[in-house]
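# Descriptive structure summary
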Amino acid sequence: MLKKSQQKLNLGFSIFILLLLLLLIQVSIQLALIFAVSLAIGFTLQKSRFCFVAAFRDPLLIGTTKLTEALILLLVISIPGFAIVFYLSNIFNLPLNLYVTPFGAHTFIGGLLFGTGMVLAGGCASGTLMRVGEGFAMQMIALFGLFLGAFLGKYSLPYWLSIFQEFPGISLPDIVGWVPAVFIQLLILFLLWEVIRWWQKKQKGVG
């Protein structure tokens, strides 16, 4: 009985999503594409249980490195992919503006606070959204805190910038070129991969 009710609920939700997608197509093709890609990303996150904070937390707390390895593979794919997109944009004269964010002491303080909050909340921003969709009530509190923090951060930013000094952002491709920059990053990721694999074997008592 419960299984049939779940099947009816899934069918009803699927029909709702399909009708919403058709409505968005009538309003804007671009909006419909964004919605479809968002659905695909959300589905992938939910099925893979991927979470950025878990990729850094799990090796230290529970000794598993699957999500860490997945994050490294994600970067291995996205770094050359972005370089190719940037290269093609120059060839076909497509508008693509790169913005390197300035940094300062407030960057590290904010990162530390945000990282601590993610560990206490049990997930990153994407993981929190995923669990809210699954019906976890406590994650709704974390999501509210995320929205509140973003709101306060936006409107208090001028105050923090008046206290902390900012330095120009550093772009590795601007210093060494795109090809060496990609190579350096892939080399670092390879070394991290080897460290993670060594750590996994150590946790299992192998080697």
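Preceding this paragraph is the structure being described.
Each value, and the rule that gives it
- Residues numbered from 1 in each chain as written.
- Predicted model: local features only at pLDDT ≥ 70, side-chain atom pairs only at ≥ 80, totals over all residues.
- Heavy atoms only, no water.
- Core = buried A, V, L, I, M, F, W, Y, C linked by side-chain atoms within 4.5 Å.
- Buried < 20%, exposed > 50% of the residue type's maximum accessible area, 1.4 Å probe, protein only.
- Helix = DSSP H or I, 4+ residues; strand = E, 2+ residues; numbered from the N terminus.
- Contact = heavy atoms within 4.5 Å.
- 1 Å grid on protein atoms, 1.4 Å probe; cavity = no way out; pocket = protein on both sides within 12 Å on 5 of 7 lines; lining within 4 Å.
- Points joined across faces, edges and corners; volume = space filled by probe spheres on them.
- Nonpolar A, V, L, I, M, F, W, Y, C, P; charged D, E, K, R; others polar.

## Regarding the nonpolar core
- Counting 11 residues, the largest nonpolar core consists of Leu 45, Phe 50, Cys 51, Val 53, Ala 54, Ala 55, Leu 67, Leu 71, Met 118, Cys 124 and Met 130.
- Taken together, the elements giving at least two residues each to this core come down to helix H3 (52-61) and helix H4 (66-91).
- Ranked by residue count, the leading element in this core is H3, at 3 residues.
- Ignoring sequence-local partners within four residues, the contact set of Leu 71 consists of Phe 50, Phe 52, Ala 55 and Phe 56.

## Examining the layout of surface pockets
- Its boundaries defined by the atoms lining it, the largest pocket holds a volume of some 580 Å³.
- Along its surface, the largest pocket is lined by 13 residues, and Phe 13, Leu 39, Gly 42, Phe 43 and Gly 133 are the ones closest to its centre.
- Secondary-structure elements contributing two or more residues to the lining of the largest pocket are helix H1 (2-27), helix H2 (29-48) and helix H6 (125-134).
- In terms of residue count, the dominant contributor to the lining of the largest pocket is H2 (7 residues).
- Classifying every residue of the lining of the largest pocket gives 7 nonpolar, 5 polar and 1 charged.
- If you go around the second largest pocket, you meet 19 residues; those closest to its centre are Leu 113, Phe 114, Gly 145, Leu 146 and Gly 149.
- For the lining of the second largest pocket, the elements supplying multiple residues, two or more each, are helix H5 (105-121), H6 and helix H7 (137-163).
- Element by element, the count of residues in the lining of the second largest pocket is highest for H7, at 9 residues.
- Looking at the lining of the second largest pocket residue by residue, the class counts come to 11 nonpolar, 7 polar and 1 charged.

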